[in-house]
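Structural features, examined
Spelled out, the chains give:
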Amino acid sequence: MEGAEPRVRPRTGGDVERCVRVLADVHRCDGYPVNWPERPDEWLSQASVSAAWVAEHGGRLVGHVSLSRGSEGDLAPGLWSERSGVSKDLTAVVSRLFVAPQARGHGIGALLMGRAMEEARGRGLHPVLDVVASDTSAAALYERLDWELMATVEQRWSPDRSVSIHCYTAPA
């Protein structure tokens, strides 16, 4: 990926199809998301998403991140609320972060995270996130960016499946 520096911009409706293609590459390479969604376009554009961005590098869409309100399955907002004594309604969940395998090593994940954090803070919200514990490369990124691991929690995804989830909070 030679050429101009990577840039982050708001996601548009026209980007979703390209995001799904990049997400499919990420899923094949890394297994993210763990459970491939039946409708990946809807998974990226869920109702709770309040903002989303894409990264471009070398003229290609190479990454994505979104910011959303906490939903029933999100553990980090509740943990942060208990810890801080502030309503979990004052959190924003950073989610749907992925970078194309061939575009890694250019700081794109950090750029996307920075944009989501900036937006959350601009809205007076505290950024948090959940990640499956097996996603060690994502956890390494968050820790390089000084996110704090609040807890690792077992979450039941189905009657016969539990998954370990790392819950992170953004640096102060």
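A short tour of the structure in this document, coming up. (Residues numbered from 1 in each chain as written. Predicted model: local features only at pLDDT ≥ 70, side-chain atom pairs only at ≥ 80, totals over all residues. Heavy atoms only, no water.)

**As for the overall build of the chain**
Helix and strand content of the chain: five helices and seven strands. Secondary structure of the chain in N-to-C order comes out as β-α-α-β-β-α-β-α-β-α-β-β. Along the first, second and third principal axes, the C-alpha set of the chain runs to 45 × 40 × 30 Å. Counting over 172 residues, the chain shows a buried share of 45%. Nonlocal contacts in the chain, meaning residues at least 24 apart in sequence, comprise 65% of its contacts between residues at least 6 apart. Looking at the chain as shown, the accessible area adds up to about 8800 Å², and 49% of this sits on carbon and sulfur atoms. Averaging the coordinates of the 19 positive side-chain charges in the chain and doing the same for the 23 negative ones gives two points 4 Å apart. (Helix = DSSP H or I, 4+ residues; strand = E, 2+ residues; numbered from the N terminus. Buried < 20%, exposed > 50% of the residue type's maximum accessible area, 1.4 Å probe, protein only. Contact = heavy atoms within 4.5 Å. Areas by Shrake-Rupley, 256 points an atom, 1.4 Å probe, with all protein chains shown as cover. Lys, Arg positive; Asp, Glu negative; His and termini not counted. Charge placed at Lys NZ, Arg CZ, Asp CG, Glu CD.)

**So, the sheet that holds strand 6 (residues 148-158)**
Across a sheet, paired strands are connected by hydrogen bonds in the backbone, their directions being either parallel or antiparallel. An order of 1-2-3-4-5-7-6 is seen for the seven strands of this open sheet, with the pairing classed as mixed. With one partner strand each, in any of the chains shown, strand 1 (7-10) and strand 6 form the two edges of the open sheet. Within this sheet the neighbouring strands show an average axis-to-axis angle of 30°, counted without direction. Where strand 3 (residues 60-68) and strand 4 (residues 91-99) come together, five bridges link them in antiparallel fashion. Within strand 4, the position partnered with Gly63 by the bridge is Val99. (Pairing = 2+ DSSP bridges. Axes fitted to C-alpha atoms, helices over the stretch in contact; angles between N-to-C directions.)

**What about the pattern of salt bridges?**
Taken as a whole, this structure holds twelve salt bridges when the rule is applied. For the salt bridge of Asp15 with Arg9, the shortest nitrogen-to-oxygen distance reads 2.7 Å. Of the residues examined, Arg9 reaches a relative accessible area of 14% and is grouped as buried. Taking the shortest distance from any N to any O, the salt bridge between Arg104 and Asp30 comes out at 2.5 Å. Highlighted residues: Arg104 in the loop between strand 4 and helix 4 (108-122) and Asp30 in helix 1 (residues 16-30), separated in sequence by 74 residues. (Salt bridge = Lys/Arg side-chain N within 4 Å of Asp/Glu carboxyl O.)

**Let's talk about the nonpolar core**
The biggest cluster of nonpolar side chains holds 39 residues, and the ones touching the most others in it are Val94, Phe98, Leu112, Met113, Leu129, Tyr142 and Trp147. Of all the secondary structure elements, the ones that give two or more residues to this core are helix 1, helix 2 (40-44), strand 2 (49-57), strand 3, strand 4, helix 4, strand 5 (126-132) and helix 5 (136-144). Ala76, Trp80, Ile165 and Cys167 belong to the second largest nonpolar core, which has nine residues in total. (Core = buried A, V, L, I, M, F, W, Y, C linked by side-chain atoms within 4.5 Å.)

**Some words on the packing of aromatic side chains**
Throughout the structure, instances matching the rule amount to three aromatic pairs. Ring plane angle 45° and centroid distance 6.3 Å describe the contact between Tyr142 and Trp147, whose orientation is recorded as tilted. Exposure remark for Trp147: the relative accessible area of 4% places this residue in the buried category. Here the aromatic cluster, defined as three or more aromatic residues joined through ring pairs, consists of Tyr142, Trp147 and Tyr168. Here the guanidinium or amino end of Arg96 rests over the ring plane of Trp43, the centre of that ring lying 3.8 Å away. (Phe/Tyr/Trp six-rings, centres within 6.5 Å; stacked < 30°, edge-to-face > 60°. Lys NZ or Arg CZ within 6 Å of the ring centre and 35° of its normal.)

**Some remarks on the environment of Gly114**
Along the chain, the position of Gly114 falls in helix 4. Once the C-alpha coordinates of Gly114 and Val132 are considered, the two residues, 18 residues apart in sequence, prove to be 21 Å apart.

**A look at the pairing of strand 6**
Looking at chain direction, strand 6 and strand 7 (residues 161-169) are connected through nine bridges and run antiparallel. Across the sheet, Ala151 pairs through a bridge with Cys167, a residue of strand 7. Counted between consecutive antiparallel strands, the loop separating strand 6 from strand 7 contains two residues.

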